[in-house]
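Results of the structural survey
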Amino acid sequence: MFKVYRSAGSIEASVLSRQHDTDISLSDSRVIITVGRLAFRTGSRINVSELACACDVTVPSATSSVNRLVTKGLLRKEPDERDGRCVNIMLTRTGEKIYRIHVLFHLNMASRLAEGLSPSEREALLAGIHRLADFYHDVEMERV
């Protein structure tokens, strides 16, 4: 089980890199996915501090990742209209494509996982996934 969990992220980063002929590390993909998830969920832009908090890294570390992804053409930065001291981060078109591939990757993974299961087996699988999500949530809350 641990082998599968550890492999999933690196396999996904490899798929993203291959499909866009761009060198995307696991940490790069994590930043792109976080920016995409937060931006699409809220319909707004996020700043480096929010990204750092969401990724559980320091602001300098998030800044370094953002700058690297700006250089790769996957993110762009814009000054905040309300507060000139803040810089908003957005996905570029290529960054959005990578984010969408991530979403499709996970939908395909879930579909494959549930393939051929009876309704009761799907219910059991879903219950297990909910317990796993609750576990992750509890661990997150302990860290805060």
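Look up a bit, the structure's there.
A short tour of the structure in this document, coming up.

Definitions and cut-offs
Residues numbered from 1 in each chain as written. Predicted model: local features only at pLDDT ≥ 70, side-chain atom pairs only at ≥ 80, totals over all residues. Heavy atoms only, no water. Pairing = 2+ DSSP bridges. Helix = DSSP H or I, 4+ residues; strand = E, 2+ residues; numbered from the N terminus. Contact = heavy atoms within 4.5 Å. Axes fitted to C-alpha atoms, helices over the stretch in contact; angles between N-to-C directions. Core = buried A, V, L, I, M, F, W, Y, C linked by side-chain atoms within 4.5 Å. Buried < 20%, exposed > 50% of the residue type's maximum accessible area, 1.4 Å probe, protein only. Arc of directions from axis to C-beta. Polar contact = N/O pair within 3.5 Å; in protein donor to acceptor, adjacent residues only side chain to side chain.

Our focus in this paragraph is the sheet that holds strand β2 (residues 75-79). One open sheet holds the 3 strands; their spatial order is β1-β3-β2, and the pairing between them is antiparallel. In this open sheet, the two edge strands, each paired with only one partner strand, are β1 (46-47) and β2. Most of the contacts of helix α4 (residues 59-71) go to β2, to which it runs at about 115°, and overall it touches β2 and β3 (87-91).

This part is about the nonpolar core. If you look at the biggest cluster of nonpolar residues, it comprises 19 residues, and the most contacted ones within it are V35, L51, L75 and I89. At the level of secondary structure, the elements contributing two or more residues to this core comprise α2 (26-42), α3 (48-55), α4, β3 and α5 (93-114). Beyond its immediate sequence surroundings of up to four residues, L75 is in contact with V31, V35, V66, L69, V70, I89, M90, L91 and T92.

In this section: α3. Taken together, the buried positions of α3 are occupied by V48, L51, A52 and C55. Projected down its long axis, α3 shows its buried positions confined to an angular sector of 100°, all on one face. With a side-chain oxygen positioned 3.0 Å from the backbone nitrogen of S49, the residue opening α3 is N47. Downstream of α3 by one or two residues, D56 has phi in the positive range, about 55°.

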